[in-house]
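Observations on the model geometry
Chain by chain, the residues run as shown.
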Amino acid sequence: STRIVVGALPLSRPSLLPAAMDRLLKASEGRVQLHCIDAPYETLLRDLRFGEVDFIVGALRPALQADDVVQEPLFEDRLYIVAAKGHPLTRQSRLNLEDTLAYPWIAPPKTTPSGSYLFEILKIPQLPNPPVRVVASSLALVRGLMMRGDYLTIMSRRQAEMEVETGSVVTLPIDLKHSFRAIGLTYRSGWEPTPTQTRFMDLIREEGRQWQ
């Protein structure tokens, strides 16, 4: 059977990758096995360059310091401030960023695109009384905290797609300017994928076009 190793960044995990994986597996009749690696971007990039990962799916980096890697954008995504259902801010009709500073924040790591936006564009951690109480990249941990208190975080709406659909979390109506980022595929320069790998990447591209 064909074995494909894919690096899965946070945005790709809830919907994009599962949809493409399901389509590939149903068409392959048991002739393919997919290994999804959930790890920090720096780890996945290293494994990609050493040939241990076939390609990475998720947020692209604007200043990638590697000339042996290709980034292929599929669509653009934007960031939102997210709160649990019943959070006090969900009962206010007009909101701005300052309104959020009275509540504890869960921040993504600074090395991630959303964390970089929080630290460098919004500059929330640099305030005199910074509201960031937790730094975490695990969606399960973030979800668990938000269900237990009036926490806020920043993420793509698609990362919390299931929670938004079920109504357990909401995106706050606060415009985060310049928060769009490219989502796509990252692979080695000159890499020649097998026909099955090519088919899988094409399915991811098709799913990405629907999101665009």
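Above this note sits the structure.
What counts and what doesn't
Residues numbered from 1 in each chain as written. Predicted model: local features only at pLDDT ≥ 70, side-chain atom pairs only at ≥ 80, totals over all residues. Heavy atoms only, no water. Phe/Tyr/Trp six-rings, centres within 6.5 Å; stacked < 30°, edge-to-face > 60°. Buried < 20%, exposed > 50% of the residue type's maximum accessible area, 1.4 Å probe, protein only. Pairing = 2+ DSSP bridges. Helix = DSSP H or I, 4+ residues; strand = E, 2+ residues; numbered from the N terminus. Axes fitted to C-alpha atoms, helices over the stretch in contact; angles between N-to-C directions. Contact = heavy atoms within 4.5 Å. Polar contact = N/O pair within 3.5 Å; in protein donor to acceptor, adjacent residues only side chain to side chain. Salt bridge = Lys/Arg side-chain N within 4 Å of Asp/Glu carboxyl O.

Let us now look at the packing of aromatic side chains. Overall, the coordinates contain three aromatic pairs when judged by the stated rule. Ring geometry for Tyr 187 against Trp 191: centres 6.2 Å apart, planes inclined by 45°, an arrangement best described as tilted. Considered together, Tyr 187 and Trp 191 belong to a single accessibility category, that of buried residues. Ring pairs connect the aromatic residues Phe 55, Tyr 187, Trp 191 and Phe 200, which therefore count as one cluster.

What follows covers the sheet that holds strand 4 (residues 69–77). Across the sheet, five strands lie side by side as 2-1-3-10-4; this open sheet has mixed pairing. The sheet terminates laterally at strand 2 (32–37) and strand 4, the two strands that pair on one side only. This sheet shows a mean twist of 20° between the axes of neighbouring strands, independent of strand direction. As judged from the three bridges shared by strand 1 (residues 2–8) and strand 3 (residues 55–59), these two strands associate in the parallel manner.

Among the six residues in strand 5 (residues 79–84), six count as buried, and that is most of the element. Judged by which residues are buried, strand 5 turns out to be covered on both faces: Leu 79, Ile 81 and Ala 83 on one side and Tyr 80, Val 82 and Ala 84 on the other are all buried. As paired strands, strand 5 and strand 8 (residues 152–156) are joined by five bridges and run antiparallel to one another. From the neighbouring strand, Tyr 80 faces strand 8, where its bridge partner is Met 155. Bridging between strand 5 and strand 9 (residues 169–171) involves three bridges; their strand directions are antiparallel.

Within the secondary structure layout, Arg 61 lies in the loop between strand 3 and strand 4. Considered as a pair, Arg 61 and Ile 183 are 122 residues apart in the sequence and their alpha carbons are 9.1 Å apart. Setting aside anything within four residues of it in sequence, one finds Arg 61 in contact with Leu 9, Tyr 41, Gln 71, Thr 111, Thr 112 and Pro 113. Polar side-chain contacts of Arg 61 include one of 2.9 Å to the backbone oxygen of Ala 59.

As enumerated under the stated definition, the model contains 15 salt bridges in all. The salt bridge involving Asp 68 is made with Arg 49; its shortest N-O contact spans 3.1 Å. Of this pair, Asp 68 sits in the loop between strand 3 and strand 4 while Arg 49 is found in helix 2 (residues 41–49), placing the two residues 19 residues apart along the sequence. Of the residues examined, Asp 68 reaches a relative accessible area of 26% and is grouped as partly exposed. Classification of Arg 49 as partly exposed rests on a relative accessible area of 39%. Among the ionic contacts, a cluster of salt bridges with common partners joins Arg 23, Arg 199, Glu 206 and Glu 207.

Within the open sheet, the five strands sit side by side as 7-6-8-5-9. Their pairing is mixed. Of all strands in the sheet, those with a lone pairing partner are strand 7 (132–135) and strand 9, marking the two edges. Across the sheet, the axes of successive neighbouring strands diverge by a mean angle of 40°, strand direction being ignored. Judged from the three bridges that link them, strand 6 (residues 105–107) and strand 7 form a sheet pairing that is parallel. Paired with Ala 107 across the strands is Val 135, a residue of strand 7.

When you line up the elements, Thr 153 lands in strand 8. A polar contact is formed between the side chain of Thr 153 and the backbone oxygen of Ile 106, at a distance of 2.7 Å.

Note that every value here comes from positions in space, so none of it alone points to a role or purpose.
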